[in-house]
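One letter stands for each residue in the lines below.
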Amino acid sequence: MEITFLGSSNAFAAEGRYWSSFLVDKKYLFDAPPTLLPHLKQLKIPLTEIEVIFLTHHHGDHFMGVPFLFLEYMYMTERTNDLYIVGPPGVKDWIEDFADRCYPNITRDAGYRRIYVDASPGKEQTAGPVSFWSVPMCHVTESMDAFGYRAAISGKTVAYTGDTMFCEEVIALAEDTDVLIVDCTYSEGCGPEHMGLDDVKVIRKRIAPETTMVLTHLGGQPHLDGLANVVTAADLKTFTF
Ligand SMILES: [Zn+2]
Ligand SMILES: [Zn+2]
C-alpha cells in the first residue's frame, strides 16, 4: 500500500506546509484541501482513477478542493466512472451546494455519477470497492460532526483520525490497523480541539506496536525521540507499507 501526502499541515499552513490530505494507492483520497487539484497534477495522478473521497468534517482545509475537481471533470478531463464521496451525514447536500456556490451549476450532468455515502458509525460500509468503518471523533463538537475512517485497501488497513482531540474513540479507530494517520497539531503538549505530542505518546503506548503512526496536520516539527514506529508526514512524500 502506498500513501502519498498532498499536504501535512493544519489550517494555518504552518511553516509553509500545505493543508493535510493523503492519497492511498493513487485512488482513495482522504480529505480534499484547497490545493488538491494542483497537487494531484504535480504528482501526475491520473484524475479519473480517483474512486473514493473520504471527507472527515466541514472545515475548509479538509474539503474546499472538491469543487475544483468537479470543474476539472466538467471541462478538462473526461470522466465516466463513478466517484464516491463519503462524509458526515448530509454530505451530498453540503458538497453539491458548496460546489454550486463556487461555480454556478457546476453540479449539472458531466457524464459521470457522484455517489454520496453518509458515514454511519458502528457498522461496516462500502464505497465502491472499499469497505470502511467510521468512528465519531472529538473536534468542535458544538458545531459539527467529525469522523475518523478505517479502510481496508490492498490487503492492508489504514485509519485516519481527521481532526480531533484525544478520546477513547482514537484507540478504537486504531484497532487492527497497519497504519494510523494522526492529527498532531501541537508539537508539544495537547489540545484544544486537536491532538499533540503528549497524546501521540499515550496512543503509542496503548495501540499495537506493529501499527505505524504517521503524524500530520502539523503545527511544527515534533521531536520523536524515543517513539518507536512513529514518523511525520511531509508534503508530496510517498510512504510504502
Ligand atoms: Zn484541519
Ligand atoms: Zn477541523
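Residues numbered from 1 in each chain as written. Chains lettered and ligands numbered in written order. Predicted model: local features only at pLDDT ≥ 70, side-chain atom pairs only at ≥ 80, totals over all residues.

## What to know about the sheet that holds strand β2 (residues 21-24)
- In spatial order, the strands read β6-β5-β4-β3-β2-β1-β14; together these seven strands make up an open sheet with mixed pairing. Taken across any chain shown, the strands that pair with only one partner, and hence form the sheet edges, are β6 (114-118) and β14 (238-240). Between one strand axis and the next, the sheet turns by 20 degrees as a mean value, whatever way the strands run.
- Pairing of strand β3 (residues 28-30) with strand β4 (residues 52-54), which is carried by three bridges, proceeds in the parallel orientation. Each residue of the ladder has a partner; that of Y28, found in β4, is V52. (Pairing = 2+ DSSP bridges. Helix = DSSP H or I, 4+ residues; strand = E, 2+ residues; numbered from the N terminus. Axes fitted to C-alpha atoms, helices over the stretch in contact; angles between N-to-C directions.)

## Regarding helix α4 (residues 91-102)
- Taking 1.5 Å of rise per residue, 12 residues should cover 16 Å, and α4 covers 16 Å from first to last C-alpha, within 8% of that figure.
- Those residues of α4 that are buried lie in contact with α3 (66-75), β5 (83-87) and β6. (Expected span 1.5 Å × (residues − 1). Contact = placed C-beta atoms within 7 Å.)

## Some remarks on the nonpolar core
- Core analysis: the largest hydrophobic core is formed by 69 residues, its most contacted members being I53, V158, I181, V182, V200 and L215.
- Considering each element in turn, this core owes the most residues, five residues, to α3.
- In this structure, I181 is in contact with F22, V158, A159, Y160, T161, V214 and T216, ignoring residues within four places of it in sequence. (Core = buried A, V, L, I, M, F, W, Y, C linked by C-beta atoms within 7 Å. Buried ≥ 20, exposed ≤ 12 C-beta atoms within 10 Å, placed from the backbone.)

## Focus on the pairing of strand β12 (residues 212-216)
- Buried residues dominate β12, accounting for four of its five residues.
- Where strand β11 (residues 179-183) and β12 come together, five bridges link them in parallel fashion. In the strand pairing of β12, V179 is matched with T212.

## As for α3
- Turning to α3, its buried residues number three or more, namely V66, P67, F68, L69, F70 and Y73.
- Each element contacted by the buried residues of α3 is listed here: α1 (36-42), β4, α2 (60-63) and α4.

## Some points on unusual backbone geometry
- In this chain, G191 is followed by P192 through a cis amide linkage whose omega measures 0 degrees.
- Structurally, P192 is set in the loop between β11 and α6 (197-206).
- Within the chain, A13 stands out as a residue other than glycine whose phi angle is a positive 50 degrees.
- Note on placement: A13 falls in the loop between β1 (2-7) and β2.
- For S154, which is not glycine, the phi dihedral falls at a positive 55 degrees.
- With respect to the helices, strands and loops of the structure, S154 is situated in the loop between β9 (147-153) and β10 (156-160).
- Residue class for S154 comes out partly exposed when judged on the 13 C-beta atoms lying within 10 Å of it.

## Comments concerning the sheet that holds β11
- As summarised here, the arrangement of the seven strands in space is β7-β8-β9-β10-β11-β12-β13, forming an open sheet in which the pairing is mixed. With partners counted over all chains shown, the strands left at the sheet margins are β7 (125-127) and β13 (230-232), one partner each. Adjacent strand axes in the sheet meet at a mean angle of 25 degrees when their direction is disregarded.
- Sheet topology places β7 next to strand β8 (residues 130-136); three bridges connect them, and they run antiparallel.

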